[in-house]
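# Geometric and topological summary
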Amino acid sequence: MDSIGVVQGRENRMPVNNIEIRTENLTKIYGTLTALDNLNVEVERGYIFGYLGPNGSGKTTTVRLLSGLLRPTSGTATLCGYDIVSDLKKVKAVTGILPETPGLYTKLSAVEFLEFIGALYDVEKEKLHERIMKILSILGLEDRQDDLLDSYSSGMKQKVLVASTLIHEPKIVFLDEPTAYLDPSTSVLVKDIILTLAKETGTTFFICTHMIDFAEKVCDKIGLLKAGKLMTVGTVQEIVEKSKTQNLEEAYLKIMGEENAIEGILDWRG
Amino acid sequence: MERMILTNHWLVIAKAEYYLMSLNYRKKRKRTFAILLSVSLIWVFIAPILVPFLLDTYFSDYIGIFSTELPGLLRQYTLLIWIIIFFMPISNALQELKISQWEILLNADVSTRDILVGRFIGRIPHNLILFLFAAPLALSPLIAIFEIPFSGQIIMYATIFCLIVPTLWVSNVIASALQTVLGNNARGEDIAKIVGTMLTIILMFPIMFSMMLPESLAQLLSSTFSLLFPSTWAADIISWTVLFQSGTGFSQDLIRYYSGILIFDASLCAVLLILITIVFIVVGFGTGDRIFTFSLGARTERITTVGKENIIIRGVRRVFPNSNGTLIVTALKEFYRKPQNVITVSLASIVSIIPLLTISSLNLGDLLDIPILMVYLTMVIISIMYPFIGGVIFGLTPHLENKNQLWVIRSAPNGAGKYIKARIISMLISSAPMVLLPTILIIFIMQFFILESIILPFVALALIFSSMMIGIGIGTLNPIYEVTKAGKKLASFISSFGLLFILSIVPQTLGLEYLTPIIGAFGAYALLSTIPMFFVGIVLCWAGTMKFGIPEK
């Protein structure tokens, strides 16, 4: 099993041995489709794990399995030492999830929605209110905090979702395409929030993304997933070296077998 | 610049619609469709043969019932089918304004008429199979009981077909017109949901009416007034076919009696049906691109800012100061900010005063001097009406917009349990005054004894609470979202309504005899109306919460 605690992409990081996420042959099969095939991965406390792969490769399935929303077909996984099947409530208590498709309540304001999420996680009332105000202010939503979410733009909705993921201070955060819909400055802000939380509070992040650039800058460790199979795990440097390429983008294309995709790019025109 | 001309736009749209309709068997579309079509065609022929075996010993009874009530019953069932076919596509279309789809179509310079025709034709394969399965179900008992020959069967199927096709077409036109109008409105989505909810309610009433008072509806449809409905013309053609092609034969007296009800003869009904078909088709074609046109108008967004919390919300927060209170408050705010829910609650308040109106308008004469009888009568009426408010109106109203919201709830520890609990309490806060107020008014008007006056409000609360748990249980076992199609909502409505109806009648029928001598008629009725419903509600709600919370397989 690949478990590397080498610092990459950030400063002042020391290798640690506390494993927060551990999967053993985790598999999910839908009918005849194997969405996830024997996933073995370990992520240490306070690390940021980037999970890269093309659409439909099984990233969202992995996140749903690890956060206890889906039941695995076989294999096991533990989060902070809790089993995802037998310790479901504890797993949910220590995790926060930013889903790929937003489940916002459109007839609530940002403050009300975050209150709702905080209440679901039993966050103390005074603490919750203080956190909501601060996080909305950091995300630049304080002027619109009392407007109904149905009038928000996609980017603003994504900001609220990011806030809802962090509001109960989870130990492990799953982010499924966190920078989707976000403008460049907000992407940078979200990146900084992730880095600061990991560094200062030891929060572990498991991030699904298509943004290679984002992963390269933020993640300590990266896993490349193709058709449900984990192709490789390691730091950016290790993946680049192993694949004998120049950078992560090239490594990604080579491992995914898409490096020649540029050839025949106009063939569809007939 | 050269303009690219796309031909057969409607065909492209029809194909897309067909793919959408056959989504469930998308991997083997052609093969599955061929199998379904073959099976449904075989079904047309074997259904009338199977019916006598299924009806078995009661076969002769059915001949009696059908013979005496044939025109009214046929008009009743045809009207129900017609209403469902007419309103359901409109209700479905209004749940979802397809603005993003229009943008693609309009970008390719597609006309409104193309969209109308394409959508209609794309649904034909799906609707044909539905027709071939459903029509024999409806007609086979008649064919079997009255020994209708093949020629008569052809007339019957053709009649139903002629009723359904133009109805579907005109329903498609109205749905499209409504989408066009509402799509260009800043509050279009909210208005669409209001109209969709109202249509679902309209759909529910005739079904409810036919379940509770089938004979009254049959009598109503035997009147001249019903001759205005196309469904009546179709039903009457079938009645005439049965009269003149039946192998069992009808007495001259019965034929004379039927002629008095049917009024229009078969040929006139057929002419009317054909005429209305032509009118529907012509009007549909004519309106598309003329009266309404799909276009991308300036849809301005409206920003709504929430105000200060009102006294009720503040009161709830004071009573429930913990996180449960926040969840209840959120549930209340979310529920009442949706206009379609406000419509539903208005309906509930109208239904809630029916017992009061019924009791105060009854001409009871000497019966008023027998207080226990009045208490008993009140109990009977509220035990039928209040569960409808709790179970169907409040219990079944969807609180989640889509499945993504369910993921959010499930990701919290015990999220499903907390959510359902908050939902029950928030709905109880909404519905309790609605039943308590009329009940207390009845108590004052009728001047009941103290004991009954104390117990009756509790019975009302128990009824609303128990029935609400039944509705919520059914709605969570088979999750209903706002975007859920009208058909699935209707299925949940029928199962909830059926179960509540049974629980409002059966326990009393079975248990009154044994309990009355022990605790008196009033006590027995109170217990039998509430206890079974409460336990069924608890079980269903518990099962629903479990299913809501467990990880998906």
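Residues numbered from 1 in each chain as written. Chains lettered and ligands numbered in written order. Predicted model: local features only at pLDDT ≥ 70, side-chain atom pairs only at ≥ 80, totals over all residues. Heavy atoms only, no water.

## Some words on a positive patch on the surface
Filter applied, for reference: Only residues above 30% relative accessible area that lack a salt bridge enter a patch, with like-charged residues linked at up to 9 Å and the nonpolar side chains Val, Leu, Ile, Met, Phe, Trp and Tyr linked at up to 5 Å. Per-residue and other accessible areas follow the Shrake-Rupley method at a 1.4 Å probe size, with only the shown protein chains counted as cover for residues. Counted as salt bridges are all cases of a side-chain nitrogen of Lys or Arg within 4 Å of a carboxyl oxygen of Asp or Glu. His residues and chain termini do not enter the charge count, which takes Lys and Arg as positive and Asp and Glu as negative. In this description, the location of a charge corresponds to atom NZ of lysine, CZ of arginine, CG of aspartate or CD of glutamate. Numbering goes from the N terminus for both helices and strands, where a helix is a DSSP run of H or I of at least four residues and a strand is a run of E of at least two.
Taken together, the side chains of Arg26, Lys27, Lys28 and Arg31 of chain B define a basic patch exposed on the protein surface. Examined against the element boundaries, Arg26 of chain B turns out to sit in the loop between helix 1 (9–21) and helix 2 (29–55).

## Remarks on the packing of helix 3 (residues 110–120) of chain A against helix 5 (residues 154–166) of chain A
Residues and elements named next belong to chain A. Operational definition: Helix axes are fitted to C-alpha atoms over the stretch in contact, other axes to C-alpha atoms as well, and angles between N-to-C directions run from 0 to 180 degrees. If an angle is under 35 degrees, it is roughly parallel; if it is over 145, roughly antiparallel; if it lies from 65 to 115, roughly perpendicular; otherwise it is oblique. Note: crossing handedness is left-handed where the near helix turns anticlockwise from the far helix by less than a right angle, and right-handed where it turns clockwise. A contact between two residues is defined here by any heavy atoms of the two lying within 4.5 Å.
Packing of helix 3 against helix 5 leaves a shortest axis separation of 9 Å and a crossing angle of 30 degrees. Relative to helix 5, the element helix 3 is oriented roughly parallel. In the crossing of helix 3 with helix 5, the sense of the turn from one axis to the other is right-handed. Facing helix 3, whose interface residues are Ala110, Phe113, Leu114 and Ile117, helix 5 presents Val160, Ala163 and Ser164.

## What about a nonpolar patch on the surface?
Residue and element names in this part refer to chain B. Together, Ile42, Phe45, Ile46, Ile49, Leu50, Phe53, Phe150 and Ile154 make up an exposed nonpolar region whose accessible area comes to about 840 Å². Of all the secondary-structure elements, those providing two or more residues to the nonpolar patch are helix 2 and helix 6 (150–183). A total of 6 residues in the nonpolar patch trace back to one element, the largest contributor, which is helix 2. Residue placement: Ile42 occurs in helix 2.

## A word on the sheet that holds strand 5 (residues 82–83) of chain A
Each strand in a sheet pairs with its neighbour through backbone hydrogen bonds, running either in the same direction (parallel) or in the opposite one (antiparallel). All names here are of chain A. Defined as follows: DSSP calls a pair of strands paired once it identifies at least 2 bridges connecting them.
Across the sheet, which stays open at both edges, the 4 strands sit in the order 2-1-4-5 with antiparallel pairing between neighbours. Looking at the sheet topology across the chains shown, the edges are occupied by strand 2 (33–44) and strand 5. Relative to the sheet, helix 1 (residues 59–66) contacts strand 1 (19–30), strand 2 and strand 4 (74–79), its axis offset from that of strand 1 by approximately 120 degrees.

## Here we look at helix 6 (residues 184–201) of chain A
All names here are of chain A. Formally: Multiply 1.5 Å by the residue count of a helix minus one, and that product is the helix's expected span. Per-residue accessibility, obtained with a 1.4 Å probe over protein chains only, is compared with the maximum for each type, and a residue is labelled buried under 20%, exposed over 50%, and partly exposed between these values.
Its 18 residues place the ends of helix 6 25 Å apart at the C-alpha level, agreeing with the 26 Å of an ideal helix rising 1.5 Å per residue. Within helix 6, burial applies to Thr186, Ser187, Val190, Lys191, Ile193, Ile194, Leu195 and Ala198. Those residues of helix 6 hidden inside the fold are in contact with strand 3 (48–52), helix 4 (125–138), helix 5, strand 7 (172–176), strand 8 (204–209) and helix 7 (212–218). Residue Gly202 follows helix 6 closely and has a positive phi angle near 75 degrees.

## So, the pattern of salt bridges
Taken as a whole, this structure holds 20 salt bridges over all chains when the rule is applied. Across the pair Lys418 of chain B and Asp122 of chain A runs a salt bridge whose closest N-O atoms are separated by 3.0 Å. You can see Lys418 of chain B sitting in helix 18 (residues 415–446) and its partner Asp122 of chain A sitting in the loop between helix 3 and helix 4, one on each of two chains. Among the ionic pairs, Glu17 of chain B bridges to Arg123 of chain B, the shortest N-O distance being 3.1 Å. You can see Glu17 of chain B sitting in helix 1 and its partner Arg123 of chain B sitting in helix 5 (residues 112–145), a full 106 residues away along the chain.

## Details of the confidence of the model for chain A
Any residue range with low pLDDT should be treated as having predicted coordinates unsuitable for detailed reading. Filter applied, for reference: Values of pLDDT, which run from 0 to 100, indicate the predictor's confidence residue by residue.
In this model, chain A carries an average pLDDT of 86, and 91% of its residues clear a pLDDT of 70 or more. Taken as a whole, residues 1–16 of chain A scores under 50 in pLDDT and shows 51 contacts with residues more than four places along the chain or in a different chain.

## Section: the pairing of strand 8 of chain A
Residues and elements named next belong to chain A. Burial analysis of strand 8 places 6 of its 6 residues in the buried class, the great majority of the element. The alternating pattern of strand 8 places Thr204, Phe206 and Cys208 on one face and Phe205, Ile207 and Thr209 on the opposite face, and all of these are buried. Here 5 bridges tie strand 3 to strand 8, and the two strands are oriented parallel to one another. Looking at strand 8, one finds that Phe49 is bridged to Phe206.

## Quick notes on unusual backbone geometry
A positive phi angle is found at Asn25 of chain A, which is not glycine, with a value near 50 degrees. By the element assignment, Asn25 of chain A lies in strand 1. On the basis of relative accessibility, which here comes to 38%, the residue Asn25 of chain A falls in the partly exposed class. In the Ramachandran plot, Asn414 of chain B falls in the positive-phi region, its phi being about 55 degrees despite a non-glycine side chain.

## A word on the packing of aromatic side chains
Test applied: Stacked, edge-to-face and tilted labels apply to pairs of Phe, Tyr and Trp rings (six-membered ring for Trp) whose centres lie within 6.5 Å, assigned for plane angles under 30 degrees, over 60, and everything in between, in that order.
Tallying each qualifying case throughout the model produces 24 aromatic pairs over all chains. Aromatic pair Phe335 of chain B and Tyr336 of chain B: ring centres 5.1 Å apart, planes at 80 degrees, arrangement edge-to-face. On the basis of relative accessible area, Tyr336 of chain B is assigned to the partly exposed category, the value being 33%. Consider the rings of Phe497 of chain B and Phe501 of chain B, whose centres lie 6.0 Å apart with planes at 10 degrees: the pair is stacked. Taken together, the residues Phe497 of chain B and Phe501 of chain B, both in helix 20 (residues 486–549) and 4 residues apart, mark about one turn of the helix. An aromatic cluster is present here, built from Phe49, Tyr51, Phe174 and Phe206 of chain A joined pairwise through their rings.

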